[in-house]
Amino acid sequence: MSSLADSNDLRTRVACVLATEIRPALGMDGGDIEVVDVHDGIVRVRLHGTCSGCPSVIMAVIMEVEQELRKRIAEVEYLEVIA
């Protein structure tokens, strides 16, 4: 299988976990998360809503999201927030 197909499959799995496990919890507090890119085990996301304005909230959210993704998808190595 090509690396592009692997990347697309990983992105799909990441997006599924975010949609079913993470997004509902963030939505309860007025936040949202979007997958921007997934490549070589690095997941890049963008936070929206109340999650995007406070540095301490961003760190807490990212730590929890990264932990959840790594627990469910072994290929995820690192989570990065982009603006």
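Only a predicted model underlies this, so the values are computations on that prediction, with no experimental measurement involved.

J.: Any chance you could break down the pattern of salt bridges for me, citing the residues and the numbers?
T.: The tally for this structure, following the rule as stated, stands at nine salt bridges. Note that arginine 13 and aspartate 9 form a salt bridge whose closest N and O atoms lie 3.2 Å from each other. Of this pair, arginine 13 and aspartate 9 both sit in helix α1 (residues 3-28), four residues apart, roughly one helical turn. Note on aspartate 9: relative accessible area 40%, which makes it partly exposed. Between glutamate 80 and arginine 44 there is a salt bridge; the shortest N-O distance is 2.8 Å. Here arginine 44 lies in strand β2 (residues 42-49) and glutamate 80 lies in strand β3 (residues 78-81), a separation of 36 residues in the sequence. Under the relative-accessibility criterion, glutamate 80 is labelled partly exposed at 25%. Linked through salt bridges whose partners overlap, the residues forming this network are Glu21, Glu68, Lys71 and Arg72.

J.: Got a sec to walk through the environment of aspartate 32? Specific residues and values, please.
T.: Relative to the helices and strands, aspartate 32 resides in strand β1 (residues 31-39). Its relative accessible area of 29% is what places aspartate 32 among the partly exposed residues. Spatially, the C-alpha atom of aspartate 32 lies 9.7 Å from that of leucine 18, the residues being 14 residues apart in sequence. Among the polar contacts made by the side chain of aspartate 32, one reaches the side chain of arginine 23 at a distance of 2.7 Å.

J.: Which residues make up the confidence of the model for the chain, and what values go with them?
T.: Looking at the chain, the pLDDT average stands at 86 and 88% of residues meet or exceed 70. No element of the chain has a lower mean pLDDT than α1, which averages 86, and none a higher one than β1, which averages 93.

J.: An account of the sheet that holds β3 is needed here, citing residue identities and associated values.
T.: Strands sit in the order β1-β2-β3 across an open sheet of three strands; the sheet is mixed. Each edge of the open sheet is held by one strand with a lone partner, namely β1 and β3. The mean angle between the axes of side-by-side strands here comes to 30 degrees, regardless of whether they run parallel or antiparallel. As paired elements, β2 and β3 share four bridges and run parallel to each other. Bridged to valine 45 within β3 is valine 81. Across the face of the sheet, helix α2 (residues 55-72) comes into contact with β1, β2 and β3 while running at roughly 145 degrees to β3.

Parameters and conventions
- Residues numbered from 1 in each chain as written.
- Predicted model: local features only at pLDDT ≥ 70, side-chain atom pairs only at ≥ 80, totals over all residues.
- Heavy atoms only, no water.
- Salt bridge = Lys/Arg side-chain N within 4 Å of Asp/Glu carboxyl O.
- Helix = DSSP H or I, 4+ residues; strand = E, 2+ residues; numbered from the N terminus.
- Buried < 20%, exposed > 50% of the residue type's maximum accessible area, 1.4 Å probe, protein only.
- Polar contact = N/O pair within 3.5 Å; in protein donor to acceptor, adjacent residues only side chain to side chain.
- pLDDT = per-residue confidence, 0-100.
- Pairing = 2+ DSSP bridges.
- Axes fitted to C-alpha atoms, helices over the stretch in contact; angles between N-to-C directions.
- Contact = heavy atoms within 4.5 Å.

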